[in-house]
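Residue strings, one per chain:
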Amino acid sequence: MKELSVAQEYFICMLNGKGKIEGLGKDKLICFVAGGLLELQLAGCIAFDNKTIFSIGELPEEMDYLKSIYNVISKDESIDMDEFMKAYDYEFNDRQLNELAKDIGDFLESIDFVKTIKSGVFKKKKTYFPKREIINKVIDKMRSNMLEPENMTEETAALFILLDRSMCLKEYFSIFERNDMRENLIGAVKSGENPHIRHMVECAENIVNMMSVMNVSLIVN
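Residues numbered from 1 in each chain as written. Predicted model: local features only at pLDDT ≥ 70, side-chain atom pairs only at ≥ 80, totals over all residues. Heavy atoms only, no water.

Looking at this model, I keep getting lost on unusual backbone geometry. Mind explaining?
Where the residue is not glycine, phi is negative for most of them; where a peptide bond is considered, it is trans in most cases. Within the chain, E77 stands out as a residue other than glycine whose phi angle is a positive 70 degrees. Within the element layout of this structure, E77 appears in the loop between helix 3 (67-74) and strand 3 (78-80). At M167, a position not held by glycine, the phi torsion is positive, near 65 degrees. Its relative accessible area of 45% is what places M167 among the partly exposed residues. (Helix = DSSP H or I, 4+ residues; strand = E, 2+ residues; numbered from the N terminus. Buried < 20%, exposed > 50% of the residue type's maximum accessible area, 1.4 Å probe, protein only.)

Written out as structure tokens, the structure reads:
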């Protein structure tokens, strides 16, 4: 199977046969955007400073599926986190979230990992249905990597964080598996044997935490 990015694998698991992002809940959508930000940060395209996101590098051609997020940030070279969150808050405006879903969905369609159906009044909007065998392969890889600590990779660790924080894990794993995975990840981070895993976990947690805090601020204000 073609190797997928963290954001692409999260998209597949998040949809889980539902086809569209409407009605998925804020936690799932926050982690969806967080996966894209994480990839951009690790690729050296963006950086965070307090409550501001800065554009610091060009978007690689192979990451074109994240161009909608990158363009929002790079348009003025930086964007305040609260403005970014408003752009990706489904209750304010669904355009940016739908663009991100379309870009990732279209890429997955191009490699035959999802089926699409046209919907809407004029049949112009696509809904994306990940193929069951692709979902199974993503989940089987996570099961192998997270339940066998020696197989753990930084990408799988990041995907675990996103699925755990979005409450998606319970759709695929038993409570016993989830607990074992959490214990293995904590052990991997504390051991320091793989600094890449520790760095990935810290980046993923920081982005999700920051977005969750800003989301609460939007609701309060």
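Would you take a moment to explain the sheet that holds strand 2 (residues 52-55) for this structure?
The strands making up a sheet are joined through hydrogen bonds of the backbone, oriented either antiparallel or parallel. Taken in spatial order, the 3 strands make up an open sheet running 1-2-3, and their pairing is antiparallel. Every interior strand has two partners, whereas the edge strands, strand 1 (46-49) and strand 3, have only one. Averaged over all pairs of adjacent strands, the angle between strand axes in this sheet comes to 20 degrees, irrespective of strand direction. Of the strand pairs in this sheet, strand 2 and strand 3 are connected by 3 bridges, and their pairing is antiparallel. Across the sheet, residue I53 finds its bridge partner in strand 3, namely I79. Each of strand 1 and strand 2 is contacted by helix 2 (residues 26-42), which is oriented at about 105 degrees to strand 1, the strand it contacts most. Each of strand 1, strand 2 and strand 3 is contacted by helix 3, which is oriented at about 100 degrees to strand 2, the strand it contacts most. (Pairing = 2+ DSSP bridges. Axes fitted to C-alpha atoms, helices over the stretch in contact; angles between N-to-C directions. Contact = heavy atoms within 4.5 Å.)

Got a minute to help me understand helix 3 in this structure?
Turn by turn, an α-helix covers 3.6 residues, leaving residues three or four places apart pointing in a common direction. Those residues of helix 3 that fall on the buried side of the exposure criterion are S68, I69, Y70, V72 and I73. Looking at the packing, one finds that the buried side of helix 3 touches helix 2, strand 1, strand 2, strand 3, helix 4 (81-87) and helix 5 (95-110).

Sorry if this is basic, but what is going on with the pattern of salt bridges here?
Opposite charge on two side chains allows them to pair when their charged atoms are near. Summed over the entire model, instances satisfying the criterion amount to 16 salt bridges. Of the charged contacts in the structure, one is a salt bridge between E171 and K28, with a shortest N-O distance of 2.7 Å. Of this pair, E171 sits in the loop between helix 7 (154-165) and helix 8 (175-191) while K28 sits in helix 2, and the two are 143 residues apart along the sequence. Of the residues examined, E171 reaches a relative accessible area of 30% and is grouped as partly exposed. (Salt bridge = Lys/Arg side-chain N within 4 Å of Asp/Glu carboxyl O.)

Hey, could you run me through the packing of aromatic side chains in this one?
For any pair of aromatic rings, the description consists of the separation of the ring centres together with the inter-plane angle of the planes. This model, assessed by the stated rule, comprises 4 aromatic pairs. A ring pair is formed by F84 and Y88, whose centres lie 4.8 Å apart and whose planes are at 35 degrees; its orientation type is tilted. Each member of the pair F84 and Y88 is classed as buried. (Phe/Tyr/Trp six-rings, centres within 6.5 Å; stacked < 30°, edge-to-face > 60°.)

Explain the environment of N179 here, please?
Within the secondary structure, N179 sits in helix 8. Between the C-alpha atom of N179 and that of L147, which follows or precedes it by 32 residues, the distance is 9.9 Å.

What am I meant to see in the nonpolar core here?
Generally speaking, a soluble globular protein has its nonpolar side chains buried in company with each other. In this structure, L37, F84, L185 and M211 are the most contacted members of the largest nonpolar core, which totals 75 residues. Apart from residues no more than four positions distant in its own chain, L37 is found in contact with I46, F48, I53, I69, I73, F84, I207 and M211. (Core = buried A, V, L, I, M, F, W, Y, C linked by side-chain atoms within 4.5 Å.)

What is the right way to look at the state of the cysteines in this model?
A covalent bond bridging the sulfur atoms of two cysteines is what the word disulfide describes. Counting across every chain of the model gives 0 disulfides. As a non-bridged cysteine, C13 has C168 as the owner of its nearest cysteine sulfur, 7.6 Å distant. (Disulfide = S-S within 2.5 Å.)

Got a minute to help me understand the side chain of S166 in this structure?
Structurally, S166 can be placed in the loop between helix 7 and helix 8. The exposure class of S166 is buried, given its relative accessible area of 2%. Separated by 3.3 Å, the side chains of S166 and Y10 make a polar contact. With residues near it in sequence (within four places) discarded, S166 still touches Y10, D27, K28 and C31. (Polar contact = N/O pair within 3.5 Å; in protein donor to acceptor, adjacent residues only side chain to side chain.)

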